[in-house]
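Single-letter residue listing:
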Number of protein chains: 2
Amino acid sequence: MPVTKAYAAQSATSPLAPWTLERRKPKPHDVEMEILYCGVCHSDLHFARNEWGMTIFPVVPGHEIVGRVTAVGDHVKKFKVGELAGVGCLVDSCRECDNCKEGLEQYCTQGAVMSYNSMERDGSGLTYGGYSKSIVTHEDFVLHVSEKLPLAAVAPLLCAGITTYSPLRHWKVGKGMKVGILGLGGLGHMGVKFAVSMGAEVTMLSHSPSKEADAKRLGAHKFVLTSDEMQAKNVAGYFDFILDTVSAPHDYNFYLGMLRTNGVMVCVGVPPAPTAVHAMSLIFYRHTLAGSLIGGIPETQEMLDYCAAHQITSDIELIRMEQINEAYERMLKGDVRYRFVIDMASL
Amino acid sequence: MPVTKAYAAQSATSPLAPWTLERRKPKPHDVEMEILYCGVCHSDLHFARNEWGMTIFPVVPGHEIVGRVTAVGDHVKKFKVGELAGVGCLVDSCRECDNCKEGLEQYCTQGAVMSYNSMERDGSGLTYGGYSKSIVTHEDFVLHVSEKLPLAAVAPLLCAGITTYSPLRHWKVGKGMKVGILGLGGLGHMGVKFAVSMGAEVTMLSHSPSKEADAKRLGAHKFVLTSDEMQAKNVAGYFDFILDTVSAPHDYNFYLGMLRTNGVMVCVGVPPAPTAVHAMSLIFYRHTLAGSLIGGIPETQEMLDYCAAHQITSDIELIRMEQINEAYERMLKGDVRYRFVIDMASL
């Protein structure tokens, strides 16, 4: 078994530190790739610190993975050695349930296998993520990555990108629609770029005045300071669609009130506690509150192709592997515009 | 001004009692009707007892009104004296906003005028509802009622009927869909009848075993006792659509867990307090939680025509006007199958 360098957390309280792990030899349908860049998602931090109570240590986080193919199994037809490739949150699923058949592997009813901290379907062991030098993945879960885009800035598309792209597509956001993006972080900044590219009128909803200039730079047409009562009142009943990317506690009802008749708010962030919803916030003007989880493999490929066609990537700050613990601390303070990406050459 | 007999509450603590009120003389577009039957909705009780804090006394409740036209204004073309007619929750709206133009008068952005306890648009006074002998209404808000159906059992269609019909239509419930109806009361029993008539597989979700026989009699194909853990587990991820008619406190997350991928739960009941919603209940399997408020005038007419074509009416218990206070007490105990209707001949 090939040994690969990685960074792992050994316990909920220990910082991430060098470790080594074994990757399997490519099976007939596997793609082996050298990881060149890996994005840093907030869930990496949740897992490293066992904040969701489900971490099995040691854990190697990372599910925004891009690199170059170094070997392929005998039956692999989709990828060749030397090509760019990507791996996101999903590395396996049953392929047999209705959801898998429809390309919604993230909702596999037998439970999708995630890129890290997940048991392989054959029970052979846990998965380890992208904070490492290489990864071996079944070709069905490997994505094609364009040579045309700056590769480091492509990495966050594999999670932050698809998480925001998928609900905008599912709810048919496009020209003539007024869209609010709630929260300007790793997810929100991708939401702005996508919604603008789809032709919608895009408003950034933020409680932080310091985000206005950046929101406009990213393409947002308007900015509403949600802590300003007058500004908030001005958008009552205004939006067709709100993408709620906020994971901090916040009042759904306040934002539901900004939807027009038949308006839809989709949550992709997970606040630490349940949120109180007034039935009246839904009943009046026939509002919808929905959720969305990343995206399936076909839609992830569609999103990557869309990004190549529209020159869309993430705004990133490149870090070295040994800066990861510091990056987590800065992430907790919102001090990143808008995604840390690890340069794996540094490992 | 013609004087008409009515029943009114004079304060939040006084029982409903005889009163008289003046109805306007029919204006050119008005329809005057003798009220023959009026359904008793739970919101009547909320208003009579000022439980929503917005009642202006005296209040004459009642918004499930059927009767016979006794006079029409000079310009009225849709109705003739002697015809059956109905009036529901709405008696006026601006007609100019986008929602009114689309026939969604219940969401009139200038505020629809409700059948009782609402200010007329010209400021001429409050509206008084159907617990009375007659009513005068602009023809735009008067519905045609079939002679083919038992009239007393038609009355509840004007609120309980349209409130359940509208979301089933909006979300395209039909053949091949698995539908859960949550709660078997005035709304729920109509939900069962409609969903069955639309070709769905219908399951009654109730915590009361005593409702099973009745649910089946109404046409439900299955019954799930929600207090039985095994029965509830068996429908995890099962439904395409759940119509939640419950106004008592209940856990939305529990029922959201019964939805399959892309499943939709629509609330038409208003619990007394906001309900805690886990983002995870929405994000996993891309669930939707939505609301719906009665229905607009065109859809109410469509529903009444549909009921005539499909022989659908409400299950009712006919009462005399002087039994209304007793009926309220029984309604609070859920002791009605499934709607009280007042025989206005008794007034």
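Residues numbered from 1 in each chain as written. Chains lettered and ligands numbered in written order. Predicted model: local features only at pLDDT ≥ 70, side-chain atom pairs only at ≥ 80, totals over all residues. Heavy atoms only, no water.

Caption draft 1: Broad picture of the sheet that holds strand β13 (residues 239-244) of chain B. Pairing is mixed in the open sheet, where twelve strands are placed in the order β12(A)-β11(A)-β10(A)-β13(A)-β14(A)-β16(A)-β16(B)-β14(B)-β13(B)-β10(B)-β11(B)-β12(B). Taken across any chain shown, the strands that pair with only one partner, and hence form the sheet edges, are β12 (222-225) of chain A together with β12 (222-225) of chain B. Taking each pair of neighbouring strands and ignoring which way they run, the sheet shows an average axis angle of 20°. With four bridges joining them, strand β11 (residues 201-206) of chain B and β12 of chain B adopt parallel strand pairing. Bridged to Thr-203 of chain B within β12 of chain B is Lys-222 of chain B. (Pairing = 2+ DSSP bridges. Helix = DSSP H or I, 4+ residues; strand = E, 2+ residues; numbered from the N terminus. Axes fitted to C-alpha atoms, helices over the stretch in contact; angles between N-to-C directions.)

Caption draft 2: Main features of the relation of the copies chain B and chain A. Under the fitted operation, chain B is carried onto chain A by 0.0 Å of movement along the axis and a turn of 180°, and the coordinates agree to an RMSD of 0.0 Å. Accordingly, the operation relating the two chain copies is best matched by a two-fold axis. Among all residues of chain B, the one whose C-alpha sits closest to the rotation axis is Ala-276 of chain B, at a distance of 2.1 Å. Take the interface residues of chain B: 100% of them recur as interface residues in chain A, which is what a same-surface contact looks like. (Least-squares fit on C-alpha atoms with pLDDT ≥ 70 in both. Contact = heavy atoms within 4.5 Å.)

Caption draft 3: Molecular detail of the pattern of salt bridges. One pass over the structure, following the stated rule, counts 40 salt bridges over all chains. Residue Arg-330 of chain A is joined to Glu-317 of chain A by a salt bridge in which the shortest nitrogen-to-oxygen separation is 2.8 Å. Here Glu-317 of chain A lies in strand β17 (residues 316-320) and Arg-330 of chain A lies in helix α11 (residues 324-332), a separation of 13 residues in the sequence. With relative accessibility at 26%, the residue Glu-317 of chain A sits in the partly exposed group. Between Arg-169 of chain B and Glu-302 of chain B there is a salt bridge, and its shortest N-O distance comes to 3.7 Å. Taken as a pair, Arg-169 of chain B in helix α4 (residues 160-170) and Glu-302 of chain B in helix α10 (residues 297-310) lie far apart in primary sequence, 133 residues in all. Residue classification places Glu-302 of chain B among the partly exposed positions, given a relative accessible area of 37%. Here the salt bridges share partners, and the residues they tie into one network are Lys-193, Asp-214, Arg-217, Asp-315 and Arg-337 of chain A. (Salt bridge = Lys/Arg side-chain N within 4 Å of Asp/Glu carboxyl O. Buried < 20%, exposed > 50% of the residue type's maximum accessible area, 1.4 Å probe, protein only.)

Caption draft 4: Expanded view of the environment of Phe-141 of chain A. Residue and element names in this part refer to chain A. One can find Phe-141 in the loop between β8 (134-138) and β9 (143-144). Look at Phe-141 and you get buried, because its relative accessible area is 2%. Residues Phe-141 and Ile-297 lie 156 residues apart in sequence; the distance between their C-alpha atoms is 6.5 Å. Discounting residues that sit within four places of it in the chain, Phe-141 has contacts with Gly-86, Val-87, Leu-90, Val-91, Asp-92, Ser-93, Arg-95, Glu-105 and Ile-297.

Caption draft 5: The arrangement of the nonpolar core in detail. Phe-194 of chain A together with Phe-194 of chain B are the most contacted members of the largest nonpolar core, which totals 167 residues. Aside from chain neighbours lying at most four places away, what touches Phe-194 of chain A is Gly-161, Thr-164, Tyr-165, Leu-168, Met-303, Tyr-306, Cys-307 and Ile-312 of chain A. With 41 residues, the next largest nonpolar core counts Val-40, Ala-48, Phe-79 and Ile-324 of chain B among its residues. (Core = buried A, V, L, I, M, F, W, Y, C linked by side-chain atoms within 4.5 Å.)

Caption draft 6: Representation of the environment of Ile-162 of chain A within the structure. All names here are of chain A. Structurally, Ile-162 is set in helix α4 (residues 160-170). Looking at Ile-162, the relative accessible area reads 1%, which means it is buried. If we skip the residues at most four places from it in the chain, Ile-162 touches Leu-157, Pro-167, Ile-294, Gly-295, Glu-299, Thr-300 and Met-303.

Caption draft 7: Up close: the packing of α4 of chain A against helix α10 (residues 297-310) of chain A. Residues and elements named next belong to chain A. The geometry of α4 relative to α10 is characterised by a closest axis approach of 10 Å and an angle of 100° between their N-to-C directions. By the angle between their directions, the pair α4 and α10 is classed as roughly perpendicular. Where α4 approaches α10, its residues Gly-161, Ile-162, Tyr-165, Ser-166 and Arg-169 are matched on the opposing element by Glu-299, Thr-300, Glu-302, Met-303 and Tyr-306. When the residues that make up the contact of α4 with α10 are grouped by side-chain class, the tally is four nonpolar, three polar and three charged. (Parallel < 35°, antiparallel > 145°, perpendicular 65-115°, else oblique. Nonpolar A, V, L, I, M, F, W, Y, C, P; charged D, E, K, R; others polar.)

Caption draft 8: Representation of the interface of chain B and chain A in the model. In this assembly, 37 residues from chain B lie in contact with 37 residues from chain A. A buried area of about 3100 Å², summed over both sides, lies between chain B and chain A, and 65% of it is on carbon and sulfur atoms. The interface formed by chain B and chain A contains two salt bridges. Residue Arg-260 of chain B pairs with Asp-98 of chain A through a salt bridge whose shortest N-O separation is 3.7 Å. At the junction of chain B and chain A, the tally comes to nine residue pairs in polar contact (both at pLDDT 80 or more). Every element with two or more residues in the side of chain B that touches chain A is listed here: α2 (98-101), α4, β14 (259-267), β15 (275-277), α9 (279-283) and β16 (288-291) of chain B. (Buried area = accessible area lost by both parts, 1.4 Å probe. Polar contact = N/O pair within 3.5 Å; in protein donor to acceptor, adjacent residues only side chain to side chain.)

Caption draft 9: Local environment of the packing of aromatic side chains. All names here are of chain A. On inspection of all chains with the given rule, the structure shows 18 aromatic pairs over all chains. Their ring planes at 90° and their centres at 5.1 Å tell us that Tyr-238 and Phe-239 sit as a pair that is edge-to-face. Side by side, Tyr-238 and Phe-239 carry an identical accessibility label, which is buried. Joined through ring pairs, the aromatic side chains of Phe-47, Trp-52 and Tyr-116 make up one cluster. (Phe/Tyr/Trp six-rings, centres within 6.5 Å; stacked < 30°, edge-to-face > 60°.)

Caption draft 10: Representation of the domain arrangement of chain A within the structure. Residue and element names in this part refer to chain A. Assigned domains within chain A: domain 1 (3-159 + 315-346) and domain 2 (163-291). Inter-centroid distance (C-alpha atoms) of domain 1 to domain 2 is 29 Å. Contacts between the two partners involve six residues from domain 1 and, on the opposite side, twelve residues from domain 2. Of the roughly 860 Å² buried between domain 1 and domain 2 on both sides combined, carbon and sulfur atoms contribute 46%. On the domain 1 side of the contact with domain 2, Asp-315, Arg-337 and Tyr-338 bury the most area, a combined 63% of that side's loss. On the surface where domain 1 and domain 2 come into contact, there are three salt bridges. Linking Arg-217 and Asp-315 is a salt bridge whose minimum nitrogen-to-oxygen distance equals 3.1 Å. (Domains from an automatic or database assignment.)

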